[in-house]
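Residue strings, one per chain:
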Amino acid sequence: MTSLFDPLAIGDILLPNRILMAPMTRARGTRQHVPLPRMVDYYAQRAGAGLIISEAAPISLHGAGWPYSPGLWTEEQTEAWKPVTQAVHAAGGRIFAQLWHMGRVVHPAMSGEQPVSASATTAPGEAHTYEGRQPYAEARPLRVDEVPALIADYVRAARNAIAAGFDGVQLHAANGYLIDQFLRDSSNLRTDEYGGSIENRTRLLLEVTRALAEAVGPQRTSVRLSPNGDSQGVIDSNPEPLFTHAVRELDKIGIAFLELREPRGDAITQPPISPAIRANFSGVLVLNSDYTPQEAAEAVESGKADAVSFGRLFIANPDLPERIRRALPLAEPKPAATWYSQEDEGYADYPSYEAAA
Ligand SMILES: Cc1cc2nc3c(=O)[nH]c(=O)nc-3n(C[C@H](O)[C@H](O)[C@H](O)COP(=O)(O)O)c2cc1C
């Protein structure tokens, strides 16, 4: 029986355990989206994770809708990530960079332009900007002749990530952002080759993934999907055929691993479809959302998942794998206001169990 502490091969690297750190936006960069030195300690403290997946890093100003999110499109940003990846490696860890284009969720106050999406739609709610929350703007449909430049932005960010010392990249195709806006039929109303049928709605996901795999190698390319439920107004009327098709095609590309964010619970209108995805994807499958260490152990032991990624537990427990291994008590995260603030409080100031004792 496989345990959370059995090693796991992901592409060419061997993870010492199956407890991954899920990607988490922490907004501790500069206004120019340059990583700040305080990110070095934060990530290095969490190097005990089997693999760290970085906070989502915008691939272009056009795709960057989160204030202070550290990006990967300029040389300055790339240089500033280097101390982060070096410190993670020096502490014995491994780290992938998550690549982010937010699509319709980017406010023009952030990018200076009308946002793009699959179709002319508006996200529900309010956007984050440097001037506070503002209602989302209506997106314009991405033109087919703009797709090559978009793919080139992803590829540039992936190459920058490898140059910055990341072990690989993860395409953020989840949570209601650009790729997800193309995948699911509540936000994709197109009638051209990027809309309508399942083949058409998965086209952008697969074109971008193939381009990333070509640029940095499939063994260094991963993908995150969120198949069930609503994410920022993005939902699909029939997710199982859509996402099983998507993962069969991702399987052919030979990606390093697939991560699924599948919320569970009463507020979620669609059940997780990871069992169907497992049956259609032969590669490494990482499950996420709301797992307790006990549930994660069961998911890996039963073969439902090869690994589990934890988000919020890693905020408050930099040494999470060690705490799980020794069944030590887990610390609680500070209020959510600290998660995305630009303050030091609630960031790299959570002690390991040993340091707190
Ligand atoms: C502070 C915070 C920031 C997040 N930022 C991202 C992100 O940048 N990219 C992403 O794919 N998911 C992001 N998520 C979602 C997490 O990766 C994860 O799916 C979610 O927290 C559920 O896992 P958990 O129950 O283990 O916390 C974020 C979650 C939190 C709490």
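Structure shown above.
Predicted model, so just to flag it, every value in this text is computed and none were measured.

J.: What exactly am I supposed to notice about the pattern of salt bridges here?
T.: Any two side chains of opposite charge can pair, so long as their charged atoms come close to each other. Applying the stated criterion to the full structure yields 20 salt bridges. Here the residues in one salt-bridge network are Arg-140, Arg-143, Asp-145 and Glu-146, joined through shared partners.

J.: Please explain the layout of surface pockets as it appears in this structure.
T.: To find the voids left in a structure, one rolls a probe of water-molecule size over its atoms. Volume-wise, the largest pocket comes out at about 970 Å³. Contributing to the lining of the largest pocket are 47 residues, with Pro-23, Asn-175, Arg-224, Arg-261 and Tyr-340 lying nearest its centre. Of all elements in the fold, only β4 (52-58), β5 (95-100), β7 (126-129), β14 (307-310) and α11 (312-316) reach the threshold of two or more residues within the lining of the largest pocket. Approximately 200 Å³ is the volume attributed to the second largest pocket.

J.: Got a minute to help me understand the packing of helix α4 (residues 147-163) against helix α7 (residues 203-216) in this structure?
T.: To characterise two packed helices, one gives the angle between the axes of the helices and the distance between these axes. Where α4 contacts α7, the two axes come as close as 9 Å, and the packing angle between them is 40°. One way to sum up the angle between α4 and α7 is to call them oblique. The chirality of how α4 crosses α7 is right-handed. Contacts from Val-147, Leu-150, Ile-151, Tyr-154, Val-155, Ala-158, Arg-159 and Ile-162 in α4 reach Leu-204, Glu-207, Val-208, Ala-211, Leu-212, Ala-215 and Val-216 in α7. Of the residues that constitute the contact of α4 with α7, the class distribution is 13 nonpolar, no polar and 2 charged.

J.: I keep staring at the pairing of strand β11 (residues 221-225) and nothing clicks. Help me out?
T.: Looking along a regular strand, one sees side chains alternate from face to face of the sheet. Counted residue by residue, β11 has 5 buried out of 5 residues, so it is predominantly covered. Here β11 shows two buried faces, one formed by Thr-221, Val-223 and Leu-225 and the other by Ser-222 and Arg-224. Of the pairings in the sheet, the one linking β11 to strand β12 (residues 257-261) comprises 4 bridges and is parallel in character. Paired with Ser-222 across the strands is Phe-257, a residue of β12. Once the chain exits β11 it traverses helix α8 (residues 239-253) before rejoining the sheet at β12, and the crossover so formed is right-handed.

J.: How should the site of the ligand be read in this particular structure?
T.: Neighbouring the ligand are 18 residues, the closest being Pro-23, Thr-25, Asn-288, Asp-290 and Arg-312. Here an oxygen atom of the ligand sits 2.7 Å away from a polar atom, N or O, in the side chain of Arg-224. Contact between the ligand and Arg-261: an oxygen atom at 3.1 Å from a side-chain N or O atom of the residue. Protein chains shield 93% of the accessible area of the ligand, which is 600 Å² for the free molecule. The pocket occupied by the ligand, as judged from atoms lying within 2 Å of grid points, is the largest pocket. Partitioned by chemical class, the residues of the shell around the ligand number 7 nonpolar, 7 polar and 4 charged.

J.: How should the side chain of Ser-119 be read in this particular structure?
T.: Within the secondary structure, Ser-119 sits in the loop between β6 (116-117) and β7. Only 2.8 Å separates the side chain of Ser-119 from the backbone nitrogen of Leu-189, close enough to count as a polar contact. Ignoring anything within four residues of it in the chain, the contact list for Ser-119 reads Ala-139, Arg-140, Pro-141, Ser-187, Asn-188, Leu-189 and Arg-190.

J.: Could you clarify how one ought to interpret the packing of aromatic side chains in this entry?
T.: To describe a pair of aromatic rings, one takes the distance between the centres and the angle between the planes. Enumeration according to the criterion identifies 10 aromatic pairs in this entry. Plain terms: the ring middles of Phe-96 and Phe-257 are 5.6 Å apart, the flat faces sit at 50° to each other, and that makes the pair tilted. One end of the pair, Phe-96, is in strand β5; the other, Phe-257, is in strand β12, and 161 residues separate them in sequence. Relative accessible area serves as the criterion here: at 0%, Phe-96 is assigned to the buried category. We classify Phe-257 as buried; its relative accessible area is 0%. Of the aromatic side chains, those joined through ring pairs into one cluster are Tyr-42, Tyr-43, Trp-81, Phe-166 and Tyr-347. Here Arg-264 stacks its cationic end above the ring of Tyr-291, 4.2 Å away from the centre of that ring. We note Lys-334 situated over the ring of Tyr-350; from NZ or CZ to the ring centre the distance is 5.1 Å.

J.: How should helix α1 (residues 38-45) be read in this particular structure?
T.: An α-helical turn contains 3.6 residues, so a residue and the one three or four places further along point in the same direction. Listed in full, the buried residues belonging to α1 are Met-39, Val-40, Tyr-42, Tyr-43 and Ala-44. Packed against the buried residues of α1 are β3 (19-21), β4, α2 (75-90) and β5.

J.: Please explain the nonpolar core as it appears in this structure.
T.: Burial of nonpolar side chains together is a common tendency in soluble globular proteins. Formed by 83 residues in total, the largest nonpolar core has its most connected members in Tyr-43, Tyr-154, Leu-205, Leu-225, Leu-250 and Leu-258. In contact with Leu-225, other than residues within four places in its own chain, are Ala-173, Ala-174, Leu-183, Leu-205, Phe-243, Val-247, Leu-250, Leu-258, Glu-259, Leu-260 and Arg-261.

J.: Is there a simple way to explain the side chain of Arg-224 in this structure?
T.: With respect to the element layout, Arg-224 can be found in strand β11. Here the side chain of Arg-224 touches Asn-288 through a polar contact of 3.2 Å, side chain to side chain.

What counts and what doesn't
Residues numbered from 1 in each chain as written. Predicted model: local features only at pLDDT ≥ 70, side-chain atom pairs only at ≥ 80, totals over all residues. Heavy atoms only, no water. Salt bridge = Lys/Arg side-chain N within 4 Å of Asp/Glu carboxyl O. 1 Å grid on protein atoms, 1.4 Å probe; cavity = no way out; pocket = protein on both sides within 12 Å on 5 of 7 lines; lining within 4 Å. Points joined across faces, edges and corners; volume = space filled by probe spheres on them. Helix = DSSP H or I, 4+ residues; strand = E, 2+ residues; numbered from the N terminus. Axes fitted to C-alpha atoms, helices over the stretch in contact; angles between N-to-C directions. Parallel < 35°, antiparallel > 145°, perpendicular 65-115°, else oblique. Left-handed = near helix turned anticlockwise from the far one by under 90°. Contact = heavy atoms within 4.5 Å. Nonpolar A, V, L, I, M, F, W, Y, C, P; charged D, E, K, R; others polar. Buried < 20%, exposed > 50% of the residue type's maximum accessible area, 1.4 Å probe, protein only. Pairing = 2+ DSSP bridges. Right-handed = clockwise from strand over helix to strand, strands pointing away. Near = heavy atom within 4 Å. Polar contact = N/O pair within 3.5 Å; in protein donor to acceptor, adjacent residues only side chain to side chain. Areas by Shrake-Rupley, 256 points an atom, 1.4 Å probe, with all protein chains shown as cover. Sits in = over half its atoms within 2 Å of the grid points. Phe/Tyr/Trp six-rings, centres within 6.5 Å; stacked < 30°, edge-to-face > 60°. Lys NZ or Arg CZ within 6 Å of the ring centre and 35° of its normal. Core = buried A, V, L, I, M, F, W, Y, C linked by side-chain atoms within 4.5 Å.

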